[in-house]
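Notes for the structure review
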Amino acid sequence: MYQNNKNKNKMDNFDLRKYLAEGRLFEEDKPVWTIEGWDDSPTIESADKGYVEAVVRYIKSTHPNISDEDLKKSMEVAEETWYNEGRENAKSGDGEDFEVSVEEFADGAIEYYEDALTPDSGNGDEDDYEWPPANFPSIKKSFDHNLKWYIDNDPYLNRHMSPDVKAAFLNYAEKTLKPSNPSPDEIKDAIYKFYIKNQK
C-alpha cells in the first residue's frame with residue numbers, strides 16, 4: 001500500500017506540459033563526428049551512426065531540390081575542410097579531440113553548394129569548379145596573398161579566435177612571420193599554434 005501511494009504522489013507531481021515543453025519526451029543523443037587529437041587522416045566514416053543521414057536531411061531541408069551529384073560533391077568538400085583541420089590538429093603534437101556537429105558539417109557543404117554549384121553562383125556545372133581555387137595559397141604566391149586567404153577562410157581565425165587574439169596574430173604575422181617568407185603550411189601551423197597558446 002505504501003509503495004502504491006508513493007507512485008501515486010509521483011504521478012500527481014508530474015507536469016506533462018512542462019515535460020513536453022522541454023522536449024524531453026523525444027530526447028535523443030545527436031550524432032557527432034569526433035575527430036581525435038592523434039588522427040592525422042580523419043574521415044566521416046568514423047562519425048556516429050546516423051551522422052551522414054542527419055547531414056543529408058539538414059542539407060535537403062535548406063535545398064530540397066539539390067541533385068545527388070551536387071550533394072555528393074558538396075559533402076566531399078566539407079569533409080576535406082575538416083580533414084585538413086584534423087590533420088593540422090594532429091601535426092601540432094598536442095592536438096585535442098574535437099567534435100563536428102551535424103549543423104557545422106552541413107553548413108560548410110551548403111556554403112560550397114551555394115557559392116559554386118547553384119545557378120545563381122554563375123556555375124551550375126560542378127565539373128567546371130576548380131579545386132583548389134585559383135586564389136588558394138601556394139609557395140609561388142606572396143606572403144600577403146597567402147595570409148589574406150587564411151584570414152578569409154581559416155576556421156581558427158574565423159570561428160575560434162576572439163577579435164583581440166585575431167588582431168594580435170595579424171600583428172605577429174606582419175612583424176615576425178612575414179620577414180621569414182613562410183610557406184602556406186608554415187602560416188597555417190603558426191595560426192594553430194597561436195590559437196593554442198592564447199586559449200583561456
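All of the points below concern the structure found in this document. What you see is a predicted model, and the numbers here were worked out from it, not measured in a lab. (Residues numbered from 1 in each chain as written. Predicted model: local features only at pLDDT ≥ 70, side-chain atom pairs only at ≥ 80, totals over all residues. Heavy atoms only, no water.)

Attention now moves to the overall build of the protein. When helices and strands are counted, the protein shows nine helices and two strands. Taken from N to C terminus, the helices and strands of the protein fall in the order α-α-β-α-α-β-α-α-α-α-α. Relative to all contacts within the protein whose residues are 6 or more apart in sequence, the contacts with residues 24 or more apart total 63%. Surface exposure of the protein reaches about 13,300 Å², of which carbon and sulfur atoms provide 47%. (Helix = DSSP H or I, 4+ residues; strand = E, 2+ residues; numbered from the N terminus. Contact = heavy atoms within 4.5 Å. Areas by Shrake-Rupley, 256 points an atom, 1.4 Å probe, with all protein chains shown as cover.)

What follows deals with the side chain of Asn 89. Tracing the backbone shows Asn 89 in helix α4 (residues 68-91). Once you skip the residues sitting within four places of it in the chain, Asn 89 turns out to touch Gly 37, Gly 95, Glu 96, Phe 98 and Tyr 192.

Turning to the pattern of salt bridges, a few remarks are in order. Scanning the entire structure with this criterion turns up six salt bridges. A salt bridge links Lys 72 to Glu 76, with the nearest nitrogen and oxygen atoms 2.6 Å apart. Remark: Glu 76 and Lys 72 occur in helix α4; sequence separation between them is four residues, near one turn of the helix. Looking at Lys 72, the relative accessible area reads 52%, which means it is exposed. (Salt bridge = Lys/Arg side-chain N within 4 Å of Asp/Glu carboxyl O. Buried < 20%, exposed > 50% of the residue type's maximum accessible area, 1.4 Å probe, protein only.)

Here α4 crosses helix α5 (residues 102-117) at 120°, and the two axes come no closer than 8 Å. Judged on the interaxial angle alone, α5 and α4 are oblique. In this structure, the crossing between α4 and α5 has a hand that is right-handed. The residues of α5 that touch α4, namely those facing Asp 70, Lys 73, Ser 74, Met 75, Val 77, Ala 78, Glu 79 and Trp 82, are Glu 104, Phe 105, Gly 108, Ala 109, Tyr 112, Tyr 113 and Leu 117. Looking at the contact of α4 with α5 residue by residue, the class counts come to nine nonpolar, two polar and four charged. (Axes fitted to C-alpha atoms, helices over the stretch in contact; angles between N-to-C directions. Parallel < 35°, antiparallel > 145°, perpendicular 65-115°, else oblique. Left-handed = near helix turned anticlockwise from the far one by under 90°. Nonpolar A, V, L, I, M, F, W, Y, C, P; charged D, E, K, R; others polar.)

Taken as a whole and judged by the stated rule, the model has seven aromatic pairs. Taking the centre distance of 6.1 Å and the plane angle of 75° together, the rings of Tyr 51 and Phe 105 count as edge-to-face. Of this pair, Tyr 51 sits in helix α3 (residues 51-62) while Phe 105 sits in helix α5, placing them 54 residues apart in sequence. Considered together, Tyr 51 and Phe 105 belong to a single accessibility category, that of buried residues. Ring geometry for Phe 169 against Phe 194: centres 5.4 Å apart, planes inclined by 70°, an arrangement best described as edge-to-face. Of this pair, Phe 169 sits in helix α8 (residues 163-177) while Phe 194 sits in helix α9 (residues 184-197); the two residues are 25 residues apart in sequence, bridging distant segments of the chain. Classification of Phe 194 as buried rests on a relative accessible area of 13%. Among the aromatic residues, ring-to-ring pairing joins Trp 33, Tyr 51 and Phe 105 into one connected group. (Phe/Tyr/Trp six-rings, centres within 6.5 Å; stacked < 30°, edge-to-face > 60°.)

The next thing to look at is the pairing of strand β2 (residues 98-101). Every second residue of β2 is oriented toward a common face, the buried set being Phe 98 and Val 100 and the non-buried set Glu 99 and Ser 101. Here four bridges tie strand β1 (residues 32-35) to β2, and the two strands are oriented antiparallel to one another. Opposite Thr 34, over in β2, you have Glu 99 as the bridge partner. (Pairing = 2+ DSSP bridges.)

A separate point is the environment of Glu 99. Assignment of secondary structure puts Glu 99 in strand β2. The residues touching Glu 99, leaving out its near neighbours within four places in the chain, are Val 32, Trp 33, Thr 34 and Glu 104.

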